[in-house]
Amino acid sequence: MSESLKKIDSFVLFGALGDLSIRKLIPAWYYLERDNMLSDSLQILGVGRKDISDTDIKDEVKKALNEFVSPEYLNPLAVSRLVERFSYCRCDLSKNESYKDLSQKLSDWAKPAAYYLAISPGLFEMVCDGLKDSNLITPDCRIVVEKPIGYDLETSNEINEKLTRHFDESQIYRIDHYLGKETVQNLITLRFANSLFSSQWNSKGIEYVEITAAESVGIEDRWGYFDGMGQLRDMVQSHLLQLLCLIAMEPPNRLDDQSIRSEKVKVLEALKSLDQDSISSNFVAAQYTDGEIDGVKAPGYIYEDGSNQDSNTETFVALKAEIQNWRWLGVPFYLRTGKRMASKTTQIVVHFKSDGHYIFNENKESLKGNTLIISLHPTEGISLQVFTKPHGVDKHSTVRLDPMSLDFIKTQKLLNIPSGYQSLLMDILNGNQSLFLCREEVELAWKWCDETLDAASKSNQELYYYSSGSNGPDKSEELISRNGHIWYEE
Ligand code: BG6
């Protein structure tokens, strides 16, 4: 924890009626309330453009909970406790008077506050200046922003410059919600608390690593945002590279924010650039066409609502990344992510090397080494595939592959898996930055993405196509098979 920052009890949510707040943040507050994690004095002020009252925001909170928390988890007492914490301030973020109203509303609230900007990055500067001019920035207050921080290195720099003009790095909380997911946090425990893995976790023990984030949804009503970004910027730049960092980083000296962040920065610094010579064999970009998912017809990307039919934006990316350091020399890290794929599957698969001398009957080539599957979706858990002997008197020289599995919901008797936001909201209140991105991480990740996109564009890389409901284009299978590897499928 950053020593200088105190726990706080005042939370200001800009964009309180927006999608992120309604779908993710308000439900996350609810689960914290239900689990008695919130201090009695916590107050939440929603800020928005709409002219509504304190009573209306309470109704909006209830509506959000009815829609986005499944009824079996709704506890009426917890709902009413949470609703009571909310009040509202109408703000036109471009007007000075609005910040005066805000300051007035907050005048008898406990200081310092956390300002969560669930709004377009184009408004960040205006809000930071408004907070500054109204003396709402105190040494212990916090500002919270979501990924993507920018569109490329240059725009990311611009946003970071705006934030750092008024806030110290120790006050800036850059969210990638994947880091709040339980299984992602568990990666650190899995790697550094189990000596079983630590001796194998390098190029001598590991053949290759896959990181997959497949989604069955398309771009929903976000065409305007998504078409300008594409899947590499939207998913790889932060979510997948953060997972890569946690898999590949050296053991941090301690579990504090600085130690963890500096190890992640070293991984990003060692990530090999994909240049014009290497891009065509190591990078595949594709776009979905029409198809069917779970028996329901799905339109192609360029026929989605609000689309531009000339779009060349990629909705799928597969790539081979390499980390140029001692530990990972020659180990491929394959990243794959796409919209409108067969199912929602988020997983990391670590393929261990097989042993040298082989004494069983099966063809050694068909029996690769052990596999560790770290699953974030649809289940959260880990499964280690081990070889065992099949039962039977005449089976002593054969082997079969069986999973040793941990499903975190069952083993930890959870009512439900928390969304990443629960942990992150608590960390903001408590002043713990270890699950948030530092500026250097964001900028190194953008630099690598910019170089990749630049190499793809300079070498006129083709955009491939895949049917909705499939596992992506054939080219993605080709990419991984070049090294004799295959994507893990259940
Ligand atoms: C967001 C992306 O950051 O993550 C979305 O902008 C994507 O495009 C989402 O759908 C996926 O998050 P999760 O938690 O559902 O895997």
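Criteria and cut-off values
Residues numbered from 1 in each chain as written. Predicted model: local features only at pLDDT ≥ 70, side-chain atom pairs only at ≥ 80, totals over all residues. Heavy atoms only, no water. Helix = DSSP H or I, 4+ residues; strand = E, 2+ residues; numbered from the N terminus. Rg over C-alpha atoms; globule rule 2.2 N^0.38 Å. Buried < 20%, exposed > 50% of the residue type's maximum accessible area, 1.4 Å probe, protein only. Contact = heavy atoms within 4.5 Å. Areas by Shrake-Rupley, 256 points an atom, 1.4 Å probe, with all protein chains shown as cover. Lys, Arg positive; Asp, Glu negative; His and termini not counted. Charge placed at Lys NZ, Arg CZ, Asp CG, Glu CD. Near = heavy atom within 4 Å. Polar contact = N/O pair within 3.5 Å; in protein donor to acceptor, adjacent residues only side chain to side chain. Core = buried A, V, L, I, M, F, W, Y, C linked by side-chain atoms within 4.5 Å. Pairing = 2+ DSSP bridges. Axes fitted to C-alpha atoms, helices over the stretch in contact; angles between N-to-C directions. Parallel < 35°, antiparallel > 145°, perpendicular 65-115°, else oblique. Nonpolar A, V, L, I, M, F, W, Y, C, P; charged D, E, K, R; others polar.

A. Summary view of the overall build of the protein. Across its full length, the protein carries 15 helices and 17 strands. For 490 residues, the compact-globule formula gives about 23 Å, and the C-alpha radius of gyration of the protein, at 24 Å, lands near that figure. By its C-alpha atoms, the protein is 80 × 50 × 45 Å across when sized along the principal axes. Each of the 490 residues in the protein was classed as buried or not, and the buried ones make up 55%. Intrachain contacts of the protein at a sequence separation of at least 6 include 78% that bridge at least 24 residues. Carbon together with sulfur atoms contributes 49% to the accessible area of the protein, which is approximately 22500 Å² in total. If the 53 positive side-chain charges of the protein are averaged to one point and the 73 negative ones to another, these points end up 3 Å apart.

B. How the structure looks around the site of the ligand. The immediate surroundings of the ligand are formed by Lys147, His177, Tyr178, Lys181, Glu215, Arg222, Asp234, Met235, His239, Lys339 and Lys344. Here an oxygen atom of the ligand and a side-chain polar atom of His177 are 2.8 Å apart. Arg222 is positioned such that a nitrogen or oxygen atom in its side chain is 2.4 Å from an oxygen atom of the ligand. When the ligand is considered free in solution it has 400 Å² of accessible area, and contact with the protein chains removes 81% of it.

C. Region of interest: the nonpolar core. Residues Phe11, Phe14, Trp29, Leu102 and Tyr116 are the most contacted members of the largest nonpolar core, which totals 134 residues. Take this core: its biggest share by element is twelve residues, from helix H9 (residues 223-248). Those residues in contact with Leu102 that sit more than four places away from it in its chain are Val12, Phe14, Leu45, Val47, Cys89, Leu131 and Leu136. Of all hydrophobic cores here, the second largest spans 19 residues; its members include Trp223, Ile302, Ala318 and Tyr464.

D. Region of interest: the environment of Arg336. Residue placement: Arg336 occurs in strand E12 (residues 333-338). Once the C-alpha coordinates of Arg336 and Lys320 are considered, the two residues, 16 residues apart in sequence, prove to be 8.9 Å apart. There is a polar contact of 3.2 Å between the side chain of Arg336 and the side chain of Thr212.

E. Here's a closer look at the pairing of strand E14 (residues 371-377). For E14, the buried fraction is high: six of the seven residues fall into the buried class. As paired elements, strand E13 (residues 345-352) and E14 share six bridges and run antiparallel to each other. By the bridge assignment, His351 is partnered in E14 with Thr371. In this structure, E14 lies alongside strand E15 (residues 381-388), joined through five bridges in antiparallel fashion. Among the inter-strand pairings, Ser375 is bridged to a residue of E15, identified as Gly381. A loop of three residues connects E14 with E15, the two strands running antiparallel in sequence.

F. Main features of the pairing of strand E8 (residues 283-289). Counting buried residues along E8, six of its seven residues qualify, which places the element largely inside the surrounding structure. Inspection of the sheet shows E8 paired to strand E11 (residues 316-321) by four bridges, in the antiparallel sense. Across the sheet, the residue bridging to Ala285 is Val317, located in E11.

G. Spatial organisation of the packing of helix H5 (residues 124-133) against helix H6 (residues 153-166). Two elements in contact, H5 and H6, have axes whose closest approach is 9 Å; the angle formed by their N-to-C orientations is 5°. Between H5 and H6, the angle is such that the two are roughly parallel. On the side of H5, the interface is formed by Phe124, Glu125, Cys128, Asp129 and Lys132, while H6 contributes Ile159, Lys162, Leu163, Arg165 and His166. Its residues assigned to classes, the contact of H5 with H6 shows four nonpolar, one polar and five charged.

H. Region of interest: the sheet that holds strand E1 (residues 10-14). The six strands are arranged E3-E2-E1-E4-E5-E6 in an open sheet whose pairing can be described as parallel. At either end of the open sheet lies a strand with only one pairing partner, and these are strand E3 (86-90) and strand E6 (172-175). Between one strand axis and the next, the sheet turns by 20° as a mean value, whatever way the strands run. In this sheet, strand E4 (residues 113-117) lies alongside E1 in parallel orientation, the contact comprising five bridges. Counted as the bridge partner of Phe11 is Ala114 from E4.

Remember that the coordinates give geometry; whether it matters functionally is a separate question.
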